[in-house]
Amino acid sequence: MARYLGIAGVQMEVAYGKDNSDAMMVNLERTVALFPWVDIVLFSELCVSGIDIKLAAPIPNAFLDKFTAWAQKEKKWLIPGSFYEKEQDKIYNTSVVISPDGEITAKYRKIFPWRPLEKNEAGEEFCIFDIPGKGRFGLCIC
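Predicted model, so just to flag it, every value in this text is computed and none were measured.

1. Describing a nonpolar patch on the surface
In step 1: Residues Tyr-16, Ile-51, Trp-114 and Leu-117 make up a contiguous nonpolar surface patch of roughly 480 Å² in combined accessible area.
In step 2: Its place among the elements puts Trp-114 in the loop between strand E6 (104-109) and strand E7 (127-131).

2. Some thoughts on the environment of Lys-107
In step 1: Locating Lys-107 in the fold gives a position in strand E6.
In step 2: C-alpha of Lys-107 to C-alpha of Ile-79: the two residues are 28 residues apart in sequence and 9.9 Å apart in space.
In step 3: Sequence-distant contacts of Lys-107, defined by excluding residues within four places in its chain, comprise Ile-59, Glu-85, Thr-94, Ser-95, Val-96 and Cys-127.
In step 4: A polar atom in the side chain of Lys-107 sits 3.2 Å from the side chain of Glu-85.

3. Some thoughts on helix H2 (residues 62-74)
In step 1: With 13 residues, H2 should reach 18 Å at 1.5 Å per residue; the first-to-last C-alpha distance of 19 Å fits that figure.
In step 2: Phe-63, Leu-64, Phe-67, Thr-68, Trp-70 and Ala-71 are the residues of H2 that are buried. Axial view of H2: buried residues confined to an arc of 160°, hence all on one face. H2 presents Ala-62 and Lys-73 as exposed residues on the side facing more than 90 degrees away from its buried surface.
In step 3: For H2, the secondary structure elements touched by its buried residues are helix H1 (21-34), strand E2 (40-43), strand E3 (77-79), strand E4 (82-87), strand E5 (90-98) and E6.

4. Let's talk about the packing of aromatic side chains
In step 1: As enumerated under the stated definition, the model contains 5 aromatic pairs in all.
In step 2: Ring centres of Phe-35 and Trp-37 lie 6.1 Å apart, and the angle between their planes is 80°; this geometry places the pair in the edge-to-face category.
In step 3: Since its relative accessible area comes to 39%, Phe-35 is described here as partly exposed.
In step 4: Grouped by ring-pair contacts, the aromatic residues Phe-63, Phe-67 and Phe-83 constitute a single cluster.
In step 5: In this structure, Arg-109 packs its charged tip against the face of Tyr-92, placed 3.9 Å from the ring centre.

5. Looking at the environment of Leu-139
In step 1: As for its placement among the helices and strands, Leu-139 is situated in strand E8 (residues 135-139).
In step 2: Taking C-alpha positions, Leu-139 is 11 Å from Ile-111, a pair spaced 28 residues apart along the chain.
In step 3: Once you skip the residues sitting within four places of it in the chain, Leu-139 turns out to touch Ile-79, Ser-95, Val-97, Tyr-108, Cys-127 and Phe-129.

6. Observations concerning the pattern of salt bridges
Two side chains with opposite charge may pair up if their charged atoms get near one another.
In step 1: By the definition in use, this model includes 10 salt bridges.
In step 2: Between Asp-22 and Lys-66 there is a salt bridge, with the nearest N and O atoms lying 2.6 Å from each other. Highlighted residues: Asp-22 in helix H1 and Lys-66 in helix H2, separated in sequence by 44 residues.
In step 3: Given a relative accessible area of 52%, Asp-22 falls into the exposed group.
In step 4: Residues Asp-52 and Lys-54 are paired through a salt bridge, measuring 3.9 Å at the closest nitrogen-oxygen approach.
In step 5: Asp-52 gets classed as buried once you look at its relative accessible area, which sits at 8%.

Definitions and cut-offs
- Residues numbered from 1 in each chain as written.
- Predicted model: local features only at pLDDT ≥ 70, side-chain atom pairs only at ≥ 80, totals over all residues.
- Heavy atoms only, no water.
- Patch = residues over 30% accessible without salt bridge, like charges linked within 9 Å, V, L, I, M, F, W, Y side chains within 5 Å.
- Areas by Shrake-Rupley, 256 points an atom, 1.4 Å probe, with all protein chains shown as cover.
- Salt bridge = Lys/Arg side-chain N within 4 Å of Asp/Glu carboxyl O.
- Helix = DSSP H or I, 4+ residues; strand = E, 2+ residues; numbered from the N terminus.
- Contact = heavy atoms within 4.5 Å.
- Polar contact = N/O pair within 3.5 Å; in protein donor to acceptor, adjacent residues only side chain to side chain.
- Expected span 1.5 Å × (residues − 1).
- Buried < 20%, exposed > 50% of the residue type's maximum accessible area, 1.4 Å probe, protein only.
- Arc of directions from axis to C-beta.
- Phe/Tyr/Trp six-rings, centres within 6.5 Å; stacked < 30°, edge-to-face > 60°.
- Lys NZ or Arg CZ within 6 Å of the ring centre and 35° of its normal.

Below, the structure written as structure tokens:
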């Protein structure tokens with residue numbers, strides 16, 4: 001039995017120091033309108049806010065709420081790039097995997113931050129997740 005997985009990678013201009021999630025939502029709507037057969041949509045590293053660590057947010061947060069609602073509405077998998085996650089006094093460059101049920105099913109914290117530019121903490125675990133009927137996938141931030 002053949003298992004096909006349609007993937008769309010969205011590249012867009014990322015404005016530094018502001019929430020880019022509204023522009024990402026426009027690109028999500030455009031992507032599913034043009035490519036309805038796509039199963040999973042993904043964005044680039046730090047797409048939500050650029051490299052402004054001051055915009056770090058805990059999980060859950062308002063922009064992730066938009067993305068989980070979109071994934072549930074469209075019944076698509078979504079990886080909204082990465083963003084700076086704040087957990088207590090630490091900040092990580094984090095990416096999440098959102099299922100078509102609107103649930104965060106996996107989370108990856110970048111293990112090898114690019115020094116000296118990235119001042120965030122390093123993650124400690126690799127990330128693997130399953131898409132039922134399609135296969136097992138890994139998530140990494142370069």
